[in-house]
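Residue-level structural notes
Each chain, letter by letter, is given below.
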Amino acid sequence: MKNGVNLIGYARAESGLGEACRSAAKSLQSVGVPFCIINFPRCPSRQTDLSWKHKEVEKPIYKTNIIFINADQLYHHYTLNNLKREWLINRYNIGYWHWELLEFPDVWVKSFDLINEIWVPSLFTLNSISLKTSKPVHFIPHAISVDVPKISRSHFRLPNNRFLFLTMFDLHSTSARKNPLAVIEAFKKAFPQNDHTVGLVLKINNASHFPKEVNLLKENIMGFNNIFLIDKVLPRKEVNGLMYVTDSLVSLHRSEGFGLSLAEAMFLGKPVIATNWSGNVDFMNKNNSCLVDFTLKNIEGNYGPYSANQQWAEPDIDQASSFMKKIVSEEKYANQIGVLANKTIMNKYSPKEIGKLYKRRLNILLN
């Protein structure tokens, strides 16, 4: 069997997990590690990103697998033989996993049996998973690079000549965790409903699967004609374009395993306002972003995999609101934050830099 890597994951999916797999491909390519991709189509997101189709194969050809299927799904797909057993035999199997809370769920620990080691995108996730296994857990973040198409605000029917905040999330990622209602509340506190110097853009994915949640959002923005809802699925390049034509990204998340859109907005030189907790604090600090204080609270009820016996962050909405006002009124401050944000991501999270981490770890495994 040849040295190199088989990437197994949602390589065509328009989702964070899909982006994770494609980011790995960029990283490996940038440092010359041979690899191929096995696209794993069983997920709820659209399968329309064909950017790595030329690297796809039917079955693994190299010694090492990196499997971009989270622990909650991995064992399930293995028992159904969707994840073929022969793909794992006599290979070194790495699970690249995301998780967003302090404790890794016990019901998923059987997925550890299928792999030799775990890679994670953040130190937050590393701490959580390390508590439940004696297998090696390595911090290897996502590589960040954003291709921006030639596109203008009018393409999205958004107004020119005003400062636009953006918040974006996939409803499959649970809105309780992504917490868009807090962003709406912070914006309403910062600016009156008839203020046409500013705007807030809500970009949501998979709206048709969650009509109740979409209706709740619509109720909360009623009467505010400076809040704009984009609820259709956009191709990846258009999402990049939307990030580019808006002025600031806001995420008052209760928890993040990494915070991909935050890192991407920073790559684009945008000032980002975000909760100062969980995966995003690896790359965000008080100099390169606007970090919002929080209190840790018990989760009220169960939201998908996030259960009531755990805790997550409750961001300070008043502070978020004052950050919004500050970056609109103090252009120099906003620009300075954006410049440092871009520098952080370009220096530490480029495909080349992350590719070096991949190569270093793979060299240790293969020698």
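Note that the coordinates shown come from a computational prediction; the quantities given were computed from them, not determined experimentally.

Time to look at the packing of helix H9 (residues 260–267) against helix H11 (residues 331–348). The packing of two helices is summarised by the inter-axis angle and the distance between the axes. Where H9 contacts H11, the two axes come as close as 7 Å, and the packing angle between them is 110 degrees. In terms of orientation, H9 and H11 fall into the roughly perpendicular class. Here Ala263, Met266 and Phe267 of H9 come into contact with H11, specifically with Gly338, Ala341, Asn342, Ile345 and Met346. Tallied by class, the residues present in the contact of H9 with H11 amount to six nonpolar, two polar and no charged.

A word on the state of the cysteines. Two cysteines whose sulfur atoms are joined by a covalent bond form what is called a disulfide. Within this structure, the stated rule accounts for zero disulfides. Of the cysteine sulfurs around Cys21, a residue in no disulfide, the closest is that of Cys36, at 10 Å. Accessibility expressed as a relative area gives 1% for Cys21, which makes it buried.

A few words on the packing of aromatic side chains. Per the counting criterion, the structure on display carries 21 aromatic pairs. On the numbers, 5.7 Å between centres and 80 degrees between planes, the contact of Phe104 with Trp108 is edge-to-face. Phe104 gets classed as buried once you look at its relative accessible area, which sits at 1%. With a relative accessible area of 12%, Trp108 lands in the buried category. For the pair Phe187 and Phe191, a centre-to-centre distance of 5.2 Å together with 50 degrees between the ring planes defines the contact as tilted. Owing to a relative accessible area of 0%, Phe187 belongs among the buried residues under this scheme. Here the aromatic cluster, defined as three or more aromatic residues joined through ring pairs, consists of Trp97, Trp99, Phe104, Trp108, Phe112, Tyr303, Tyr306 and Trp312.

Moving on, we get to the pattern of salt bridges. A side chain with one charge can pair with a side chain of the opposite charge if their charged atoms come near. A full pass over the atoms with the stated rule returns 14 salt bridges. A salt bridge links Arg22 to Glu19, with the shortest nitrogen-to-oxygen separation between them at 2.9 Å. Here Glu19 and Arg22 lie together in helix H1 (residues 16–30), a separation of three residues that amounts to about one turn. The two residues Arg22 and Glu19 agree in class, both being buried. Between Glu117 and Arg361 there is a salt bridge, and its shortest N-O distance comes to 2.6 Å. A residue pair is termed long-range when its members are at least 10 positions apart, and Glu117 in strand S5 (residues 117–120) and Arg361 in helix H12 (residues 351–366) qualify at 244 residues. Each member of the salt-bridge network shares a partner with another, and the members are Glu19, Arg22, Arg236 and Glu264.

For the rest of this paragraph, the subject is the layout of surface pockets. By volume, the second largest pocket is sized at about 290 Å³. Around the second largest pocket sit 15 residues that line it, and Lys26, Asp49, Ser51, Asp147 and Arg236 are the ones nearest its centre. Counting residues per element, the ones that place at least two in the lining of the second largest pocket are H1 and helix H8 (236–245). Of the residues contributing to the lining of the second largest pocket, the split by class is three nonpolar, four polar and eight charged.

Conventions adopted
Residues numbered from 1 in each chain as written. Predicted model: local features only at pLDDT ≥ 70, side-chain atom pairs only at ≥ 80, totals over all residues. Heavy atoms only, no water. Axes fitted to C-alpha atoms, helices over the stretch in contact; angles between N-to-C directions. Helix = DSSP H or I, 4+ residues; strand = E, 2+ residues; numbered from the N terminus. Parallel < 35°, antiparallel > 145°, perpendicular 65-115°, else oblique. Contact = heavy atoms within 4.5 Å. Nonpolar A, V, L, I, M, F, W, Y, C, P; charged D, E, K, R; others polar. Disulfide = S-S within 2.5 Å. Buried < 20%, exposed > 50% of the residue type's maximum accessible area, 1.4 Å probe, protein only. Phe/Tyr/Trp six-rings, centres within 6.5 Å; stacked < 30°, edge-to-face > 60°. Salt bridge = Lys/Arg side-chain N within 4 Å of Asp/Glu carboxyl O. 1 Å grid on protein atoms, 1.4 Å probe; cavity = no way out; pocket = protein on both sides within 12 Å on 5 of 7 lines; lining within 4 Å. Points joined across faces, edges and corners; volume = space filled by probe spheres on them.

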